[in-house]
Amino acid sequence: MATPPIEVRVTAAVDAWLRWVPGWSPGTHRGRARVCRRCTGSPILSAAGLTNDVPHQVLHALVARMQRIIDRQVDEFTASSLPALHAELENAEMWDAGGYDPASGLAPEYEGLDPDPEPEEVDQPFLFTLAGLAEESRPEPPLPRPPLSGEEKARIRREIELADAQAEEVGRAVCFALMPHRPRIQSAVERFVEPQVREMLDELSRGLEPPR
Ligand SMILES: [Zn+2]
């Protein structure tokens, strides 16, 4: 089956994000205050016309959806054109197979975020953490295989460079395809996000007023 063009994928991902935004509220996600590696300085945000005064979860939900498109395209390219890297990745996956991965199967708005809440954010102590569970359920790794030859290593390195170049190219294509959606994205933020942010700020400033 032919892969749909980037524009079609981007449009579908923006549509999905637009369906998600009206249900967003500041309390529905616990974000960490630390800097997000996916969103910070992401060209996807400038292409979408979004700025940092929009709450991180809203930005992240869009960035993660675009990132999925890029990752999938690079995976497909690797599978079809980079045999040494593909074999290496398959092998690495064998090591992880079967274990519980707390980050797999997450909705895009949670992707790339830490699955465990900060300890001070929970009311009761957690008996176990998701990361701990993943550690326990990891199966015995398969027997190690013979080390790679210098030539094999060099080949994988070359293919990694090609995969990186492909990711960059697809990333640029995604940004271009995203730009025509700016008006839809911005009006969703104005309609569903900004009023909630204003309300939150108002509440905050009411709380700061001295009691009478
Ligand atoms: Zn983020």
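This structure is a prediction, so every number in the text was calculated from the model and none was measured. (Residues numbered from 1 in each chain as written. Predicted model: local features only at pLDDT ≥ 70, side-chain atom pairs only at ≥ 80, totals over all residues. Heavy atoms only, no water.)

### Topic: the overall build of the protein
Piece 1. Helix and strand content of the protein: 7 helices and 0 strands.
Piece 2. Sequence-ordered secondary structure for the protein, helices as α and strands as β, is α-α-α-α-α-α-α.
Piece 3. Carbon and sulfur atoms make up 56% of the accessible area of the protein, which totals about 14200 Å². (Helix = DSSP H or I, 4+ residues; strand = E, 2+ residues; numbered from the N terminus. Areas by Shrake-Rupley, 256 points an atom, 1.4 Å probe, with all protein chains shown as cover.)

### Some words on the pattern of salt bridges
Side chains carrying opposite charge are able to pair once their charged atoms draw close together.
Piece 1. On inspection of all chains with the given rule, the structure shows 4 salt bridges.
Piece 2. The residue Arg-9 makes a salt bridge to Glu-76 at a minimum N-O spacing of 3.6 Å. With Arg-9 in helix H1 (residues 6-20) and Glu-76 in helix H3 (residues 56-81), the pair connects residues that are 67 residues apart, well separated along the chain.
Piece 3. Arg-9 gets classed as buried once you look at its relative accessible area, which sits at 9%.
Piece 4. Given the relative accessible area of 29%, Glu-76 is considered partly exposed.
Piece 5. Between Glu-76 and Arg-72 there is a salt bridge whose closest N-O contact spans 3.4 Å. Here Arg-72 and Glu-76 lie together in helix H3, a separation of 4 residues that amounts to about one turn.
Piece 6. What emerges from the salt-bridge pattern is a single network uniting Arg-9, Arg-72 and Glu-76. (Salt bridge = Lys/Arg side-chain N within 4 Å of Asp/Glu carboxyl O. Buried < 20%, exposed > 50% of the residue type's maximum accessible area, 1.4 Å probe, protein only.)

### Thoughts on the coordination of the zinc ion
Piece 1. Bound to the zinc ion are the protein donor atoms Cys-36 (SG), Cys-39 (SG), His-56 (NE2) and His-60 (ND1), situated 2.0 to 2.3 Å from the metal.
Piece 2. Classification of the site at the zinc ion rests on its 4 donor atoms, whose angles at the metal span 105 to 118°, yielding the label tetrahedral.
Piece 3. One chain supplies every donor for the zinc ion, spaced along it as C-x2-C-x16-H-x3-H. Residue Cys-39 is found in the loop between H1 and helix H2 (43-48), and its partner His-56 is found in helix H3; the two are separated by 17 residues along the sequence.
Piece 4. With a relative accessible area of 25%, His-56 lands in the partly exposed category. (Donors = N, O, S within 2.8 Å, 3.2 Å for Na, K, Ca; no water. Tetrahedral: all angles 85-135°; square planar, octahedral: opposite > 155°, others 65-115°.)

### Some points on the side chain of Arg-9
Piece 1. At 2.8 Å, the side chain of Arg-9 and the side chain of Gln-73 are in polar contact.
Piece 2. When residues no more than four places from it in sequence are discounted, the contact partners of Arg-9 are Thr-3, Pro-4, Ile-69, Arg-72, Gln-73 and Glu-76. (Polar contact = N/O pair within 3.5 Å; in protein donor to acceptor, adjacent residues only side chain to side chain. Contact = heavy atoms within 4.5 Å.)

### Observations regarding the packing of H3 against helix H6 (residues 150-178)
Piece 1. One can describe the packing of H3 onto H6 by two numbers: an axis separation of 9 Å at closest approach and a directional angle of 140°. By the angle between their axes, H3 is oblique relative to H6. Relative to H6, the crossing made by H3 is right-handed. Where H3 abuts H6, its residues Met-66, Ile-69, Ile-70, Gln-73, Val-74, Phe-77 and Thr-78 lie against Leu-162, Ala-163, Gln-166, Ala-167, Val-170, Gly-171, Val-174 and Leu-178. (Axes fitted to C-alpha atoms, helices over the stretch in contact; angles between N-to-C directions. Parallel < 35°, antiparallel > 145°, perpendicular 65-115°, else oblique. Left-handed = near helix turned anticlockwise from the far one by under 90°.)

### What about H6?
Piece 1. The end-to-end C-alpha distance of H6 is 42 Å, a good match for the 42 Å that 29 residues give at a rise of 1.5 Å each.
Piece 2. Listed in full, the buried residues belonging to H6 are Ile-156, Glu-159, Ala-163, Gln-166, Val-170, Gly-171, Val-174, Cys-175, Ala-177 and Leu-178. (Expected span 1.5 Å × (residues − 1).)

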